Amino acid sequence: MNSLEGMSVLVTGANGFLGSVIREELERFKARVISVVWPPSKEYEQQADTTVLDLLNPADWKKLDIFGRIDAIIYCAVILPGVLPDGDLLNANQLMTYHLLAWGMRRKISYFSFASTCRVYGLQSYPCPETSPLLPPDLYAVGKISCEYMVKVMLDAENIPFCVFRISAPYGPHSEAETVVRRFLMNSAQGVPITLYGSGDRSQDFVYEQDVARAPFAWPLRPAPLEHLTWRAGNLFMSRTWQ
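Residues numbered from 1 in each chain as written. Predicted model: local features only at pLDDT ≥ 70, side-chain atom pairs only at ≥ 80, totals over all residues. Heavy atoms only, no water.

1. Regarding the confidence of the model for the protein chain
- The predicted model of the protein chain has a mean per-residue pLDDT of 83, with 88% of residues at 70 or higher.
- Note on residues 223–234: pLDDT under 50 across the span, and 23 contacts to partners over four residues away in sequence or across chains.
- Every residue in residues 236–243 is under pLDDT 50, and counting partners more than four places away or in other chains gives 36 contacts. (pLDDT = per-residue confidence, 0-100. Contact = heavy atoms within 4.5 Å.)

This is how it looks when you write it as structure tokens:
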């Protein structure tokens, strides 16, 4: 991938699993990264080019004025199931997306990337290309679909390039969650038998954290931009050609 030197990239959810990996990867390619974090944390409040910002509060967006030009936005922030009642969760994630898109359009950004989920296809046992029917199993996935089309409709109107990535189950050393990958690796390292639940026939699609981190900018920075890109795990759903 080419250098991103000279580019200012806003990363929301930069204190989360994928957001933190994306932030590090962008910095490795010499981009200037402005990190948006929530909830408030002393660990992040002291870092340069970092702001604590409530995406549900439009007044908070004034905090970003001190950072100057923003070229691109990588949108990783999300309220996960269980944090709010289902209806409130649906509304909150859509409202955050709208605020961010409207702000980016006012700032005349040149690229937007939205982290969605392959959960929009439902709980399938087979690979799902972009042409697969949408079968969201819950309101969280319904909200992601709504936000995907919000990205398309709003940015198409301004001819702003964008990508929507439907990410499968990510894993890697930055993850603190007790995932099946972490559990299997820990058991293996400790010589503990790996426990299979149910029939043991279930298969799962995983994607490594660094592959997720590189994907949003691997597409627009290719010498010959692609109209379409599919990952081995997860996929790119919608895109507008990078000019």
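Following the structure, the description resumes.
2. Some points on helix H3 (residues 86–106)
- Between the first and last C-alpha of H3 there are 31 Å, a value that for 21 residues agrees with the 30 Å anticipated at 1.5 Å per step.
- Looking one or two places after H3, you find Lys108, whose phi comes out positive at around 55 degrees. (Helix = DSSP H or I, 4+ residues; strand = E, 2+ residues; numbered from the N terminus. Expected span 1.5 Å × (residues − 1).)

3. A short note on the pattern of salt bridges
- Scanning the entire structure with this criterion turns up nine salt bridges.
- Taking the shortest distance from any N to any O, the salt bridge between Glu25 and Arg28 comes out at 3.1 Å. With Glu25 and Arg28 both in helix H1 (residues 17–28) and three residues apart, the pair spans about one turn of that helix.
- A relative accessible area of 6% means that Glu25 is categorised as buried.
- The residue Asp60 makes a salt bridge to Lys63 at a minimum N-O spacing of 3.6 Å.
- The exposure class assigned to Lys63 is partly exposed, which follows from its relative accessible area of 36%.
- One connected set of salt bridges, linked through shared partners, spans Glu25, Arg28 and Arg214. (Salt bridge = Lys/Arg side-chain N within 4 Å of Asp/Glu carboxyl O. Buried < 20%, exposed > 50% of the residue type's maximum accessible area, 1.4 Å probe, protein only.)

4. Examining empty space enclosed by the protein
- All told, the structure shown has two cavities of 30 Å³ or more when counted by the stated rule.
- Every residue along the wall of the largest cavity is listed here: Tyr75, Ala77, Val78, Asn93, Thr97, Phe114, Tyr140, Gly143, Lys144 and Cys147.
- Mapped onto the lining of the largest cavity, the elements with two or more residues apiece are H3 and helix H4 (139–158).
- The element best represented in the lining of the largest cavity is H4, accounting for four residues.
- Of the residues that constitute the lining of the largest cavity, the class distribution is six nonpolar, three polar and one charged. (1 Å grid on protein atoms, 1.4 Å probe; cavity = no way out; pocket = protein on both sides within 12 Å on 5 of 7 lines; lining within 4 Å. Points joined across faces, edges and corners; volume = space filled by probe spheres on them. Nonpolar A, V, L, I, M, F, W, Y, C, P; charged D, E, K, R; others polar.)

5. Section: the packing of aromatic side chains
- Here the structure, examined in full by the defined rule, presents five aromatic pairs.
- With a centroid separation of 6.3 Å and 90 degrees between ring planes, the pair formed by Tyr171 and Phe206 is classed as edge-to-face. Of this pair, Tyr171 sits in strand E7 (residues 169–171) while Phe206 sits in strand E8 (residues 206–208); the two residues are 35 residues apart in sequence, bridging distant segments of the chain.
- Here Phe206 falls in the partly exposed class, since its relative accessible area comes to 29%.
- Site record: aromatic cluster; members linked through ring pairs are Tyr75, Phe112 and Phe114. (Phe/Tyr/Trp six-rings, centres within 6.5 Å; stacked < 30°, edge-to-face > 60°.)

6. Details of the packing of H3 against H4
- Where H3 meets H4, the closest approach of the two axes is 9 Å, and the angle between their N-to-C directions is 20 degrees. It follows that H3 is roughly parallel to H4 by the angle criterion. Where H3 crosses over H4, the two elements pack in a sense that is right-handed. Where H3 abuts H4, its residues Asp86, Gly87, Leu89, Leu90, Asn93, Gln94, Thr97, Tyr98, Leu101, Ala102 and Met105 lie against Leu139, Tyr140, Val142, Gly143, Ser146, Cys147, Met150, Val151, Met154, Leu155 and Glu158.
- Of the residues that constitute the contact of H3 with H4, the class distribution is 14 nonpolar, six polar and two charged. (Axes fitted to C-alpha atoms, helices over the stretch in contact; angles between N-to-C directions. Parallel < 35°, antiparallel > 145°, perpendicular 65-115°, else oblique. Left-handed = near helix turned anticlockwise from the far one by under 90°.)

7. So, the pairing of strand E2 (residues 32–37)
- Among the six residues that make up E2, five are buried, leaving the element largely enclosed by the rest of the structure.
- Across five bridges, the pairing between strand E1 (residues 8–12) and E2 is parallel. In the strand pairing of E2, Leu10 is matched with Ile34.
- Taken together, E1, H1 and E2 constitute a β-α-β crossover, and its handedness is right-handed.
- Here E2 pairs with strand E3 (residues 50–52) via three bridges, running parallel. Across the sheet, the residue bridging to Ser35 is Thr50, located in E3. (Pairing = 2+ DSSP bridges. Right-handed = clockwise from strand over helix to strand, strands pointing away.)

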